[in-house]
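# Coordinate inspection notes
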Amino acid sequence: QPTAWATADEVTISSSEEFADFSQNCSLDTWSQGKTFRLTADINLSAMNFTSIPTFGGTFLGDGHTISGFQIEASGSNLGLFRYVQAGAVIQDLHVSGLVDPGGSRSTVGGIAGVNAGAIRNCSFRGTVKGDASVGGIAGRNDESGEISGCTAAGTIQGMDGTGGIAGRNYGLLLKCENNASINTIQQDA
């Protein structure tokens, strides 16, 4: 892990390896708090065994870059590129393309966040999100403190209960978002 990560106010991420290190560090819920992470290149995760960023409490600036090749097929719930986006966290100007199709409980599943309690701004997800309950293109569940603004979703979204283009379940703010994804257009076998 780069030593600068411990002290720098702003950390740049420019490779899939650095992104994987960042994700691993985020298993401690306080690690990302008060830090800013800036993506300086497009990142393709298809060659990596990448799961999910466990919890995030800082500021993640995508700077218009794309994270592609993202795939979650392991079993579980609260899954997305980020599992939990904490209250006060910000993710902005990030584009994500990939597949979120977990096994098992498959609840609260989103392209960018499983659960969002922070702010996701000017982001997009393109791809496939499948689950059982609370399934959304950007977030599976948007909590009371959550804000999703200026976001777009495209591709395919499939769920049994609480399914939406932007958020599967919304208790917070959705503002100026646009869904271009097809939702539950394929009949599911019970």
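Criteria and thresholds
- Residues numbered from 1 in each chain as written.
- Predicted model: local features only at pLDDT ≥ 70, side-chain atom pairs only at ≥ 80, totals over all residues.
- Heavy atoms only, no water.
- Helix = DSSP H or I, 4+ residues; strand = E, 2+ residues; numbered from the N terminus.
- Contact = heavy atoms within 4.5 Å.
- Polar contact = N/O pair within 3.5 Å; in protein donor to acceptor, adjacent residues only side chain to side chain.
- Core = buried A, V, L, I, M, F, W, Y, C linked by side-chain atoms within 4.5 Å.
- Buried < 20%, exposed > 50% of the residue type's maximum accessible area, 1.4 Å probe, protein only.
- Phe/Tyr/Trp six-rings, centres within 6.5 Å; stacked < 30°, edge-to-face > 60°.
- Lys NZ or Arg CZ within 6 Å of the ring centre and 35° of its normal.

Residue position: alanine 167 is located in strand β19 (residues 167-170). Note: C-alpha distance between alanine 167 and asparagine 142 (25 residues apart in sequence) is 6.5 Å. Setting aside residues up to four positions removed in sequence, alanine 167 forms contacts with Val135, Gly136, Ala139, Gly140, Asn142 and Leu174.

Mapping asparagine 142 onto the fold places it in strand β15 (residues 139-142). At 3.5 Å, the side chain of asparagine 142 and the backbone oxygen of glycine 146 are in polar contact. Not counting chain neighbours up to four residues away, the residues in contact with asparagine 142 comprise Asn116, Glu147, Ile148, Ala167, Arg169, Asn170, Tyr171, Gly172, Leu173 and Leu174.

Before going further, it helps to spend a moment on the nonpolar core. Residues Phe19, Phe22, Phe56, Phe60, Leu81, Phe82 and Leu94 are the most contacted members of the largest nonpolar core, which totals 42 residues. It is strand β6 (residues 66-72) that contributes the most residues to this core, three residues altogether.

This paragraph deals with the packing of aromatic side chains. Under the defined criterion, the tally for this structure stands at 13 aromatic pairs. Aromatic side chains phenylalanine 19 and phenylalanine 50 sit 5.4 Å apart centroid to centroid with 40° between the ring planes, which places their arrangement in the tilted category. Of this pair, phenylalanine 19 sits in helix α2 (residues 16-25) while phenylalanine 50 sits in the loop between β3 (43-44) and β4 (53-56), and the two are 31 residues apart along the sequence. Each of the two residues, phenylalanine 19 as well as phenylalanine 50, counts as buried. Ring plane angle 55° and centroid distance 6.4 Å describe the contact between phenylalanine 22 and tryptophan 31, whose orientation is recorded as tilted. An identical accessibility class is assigned to phenylalanine 22 and tryptophan 31; each is buried. A connected cluster of aromatic rings, assembled from ring pairs, spans Phe19, Phe22, Trp31, Phe37, Phe50, Phe56, Phe60, Phe70 and Phe82. For lysine 35, the ring lying beneath its charged end belongs to tryptophan 31, and the centroid distance is 4.7 Å.

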